[in-house]
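# Examination of the molecular architecture
So the chains spell out like this:
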Amino acid sequence: MLKKISAMVVAALAAATLAGCGSDSGGSGGSGSGGGGDDSIVMGFSQVGAESGWRTANTKSVQDSAKKSGITLRFSDAQQKQENQIKAIRSFVQQKVDVIAFSPVVESGWDTVLKEAKDAKIPVILTDRAVDSKDTTLYKTFLGSDFIEEGKKAGQWLVDEYKDATDPVNIVELQGTTGSAPANDRKAGFAEVIGADSKFKIIASQTGDFTRAKGKEVMEAFLKSNPDIDVLYAHNDDMGLGAIEAIEGAGKVPGKDIKIITVDAVKDGMQALADGKINFIVECSPLLGPQLMDLAQKVLKGENVPARVVTEETTFDQEQAKAALPSREY
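The notes below deal with the structure included here. (Residues numbered from 1 in each chain as written. Predicted model: local features only at pLDDT ≥ 70, side-chain atom pairs only at ≥ 80, totals over all residues. Heavy atoms only, no water.)

## Brief notes about the sheet that holds strand β11 (residues 308-310)
Within a beta sheet, neighbouring strands are joined by backbone hydrogen bonds and run either parallel or antiparallel to one another. On the basis of which strands lie adjacent, the open sheet formed by 6 strands has the order β2-β1-β3-β4-β5-β11 and parallel pairing. Each edge of the open sheet is held by one strand with a lone partner, namely β2 (72-77) and β11. Averaged over all adjacent pairs, the angle separating strand axes in this sheet is 20°, with direction ignored. Sheet analysis places strand β5 (residues 141-144) next to β11, joined by 3 bridges and oriented parallel. Bridging across to β11, Phe142 finds its partner in Arg308. Against the sheet, helix α2 (residues 53-69) contacts β1 (42-47) and β2, and its axis sits at roughly 160° relative to β2. Helix α10 (residues 289-300) rests against β1, β3 (99-102), β4 (124-127), β5 and β11 of the sheet, and its axis sits at about 160° to β4. (Pairing = 2+ DSSP bridges. Helix = DSSP H or I, 4+ residues; strand = E, 2+ residues; numbered from the N terminus. Axes fitted to C-alpha atoms, helices over the stretch in contact; angles between N-to-C directions. Contact = heavy atoms within 4.5 Å.)

So this is what it looks like as structure tokens:
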């Protein structure tokens, strides 16, 4: 009888130990499970940085969704430096995480480190931004917005707004981080649409690094060297908000003296749109977390996933911003 009781106690302790390991979704240890169960998945995630309100909302979405899905997240902030991301990805490979996801700082220069992940049989998911690698087997899928389409939407609003104008329309452009996918594509899409009409002239274009401070600094320089600016196209809300400060500092009225188009639709940008300081915003949703966790789980189960997953987004004018603001999540 004593032997039977002892055996039962040992079995119970073993079961409790296994249950405790399997349910630890917030720990730092790798599972090496290959995705055998949602609560055992370990994801290494390298974020661009915290350069904007959009990026902060994106990080929160990923972190909250990982927790909700029972996925252990090992998070790394690259502080907008590619070398930091490469170092983080190599660290994730050494730790033998189950899946790696990252939002590339720039498009080029990833083949070597992605091949290291592939050789280690760790699948990679691109989020928000793409890479320009010709070897598409280095990653499983790309989840994010169509940045070219965002640029086209911005350009189309401008074409419609000035359809009856005959005089030249002088445009200045605040680009995102040099070499990044959103900067390259938002510029290309915008230029493609306005290029059909010679009255639209981009008289100055420079990076503002997606930050409010840099947006203000560059816009101040634009205003000094180009007194006749009709339109500002900013690749994100934060640069546009910085530019508003510069425009007001120069004694001009944003939204009237200089019409402003931005991309993102974060709360601060939407408020400026509702107040008439921005004229049009193209949405780029940062809430990619739920879709990312779903893709990670499918990839690790061996399910087929699309090579490209595009997020659904819209555009906003002043009245639409006023209606959307009360329930805006970010």
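Still to come is the rest of the account.
## Regarding the packing of aromatic side chains
Counted under the stated rule, the structure contains 5 aromatic pairs. With a centroid separation of 6.4 Å and 85° between ring planes, the pair formed by Tyr162 and Phe200 is classed as edge-to-face. Here Tyr162 is found in the loop between α5 (147-161) and β6 (169-175), whereas its partner Phe200 is found in strand β7 (residues 200-207), with 38 residues between them in sequence. The exposure class of Phe200 is buried, given its relative accessible area of 8%. Taking the centre distance of 4.0 Å and the plane angle of 20° together, the rings of Phe190 and Tyr233 count as stacked. (Phe/Tyr/Trp six-rings, centres within 6.5 Å; stacked < 30°, edge-to-face > 60°. Buried < 20%, exposed > 50% of the residue type's maximum accessible area, 1.4 Å probe, protein only.)

## Quick look at the nonpolar core
Leu174, Met219, Phe222, Leu232 and Met270 are the most contacted members of the largest nonpolar core, which has 30 residues in total. When contributions to this core are tallied by element, the ones reaching two or more residues are β6, α7 (212-225), β8 (231-234), α8 (237-249), α9 (267-274) and α11 (318-324). Here Met270 is in contact with Ala265, Ile281, Phe316, Ala321, Ala324, Leu325 and Arg328, once residues within four sequence places are set aside. Of all hydrophobic cores here, the second largest spans 22 residues; its members include Trp54, Val169, Ala181 and Cys284. (Core = buried A, V, L, I, M, F, W, Y, C linked by side-chain atoms within 4.5 Å.)

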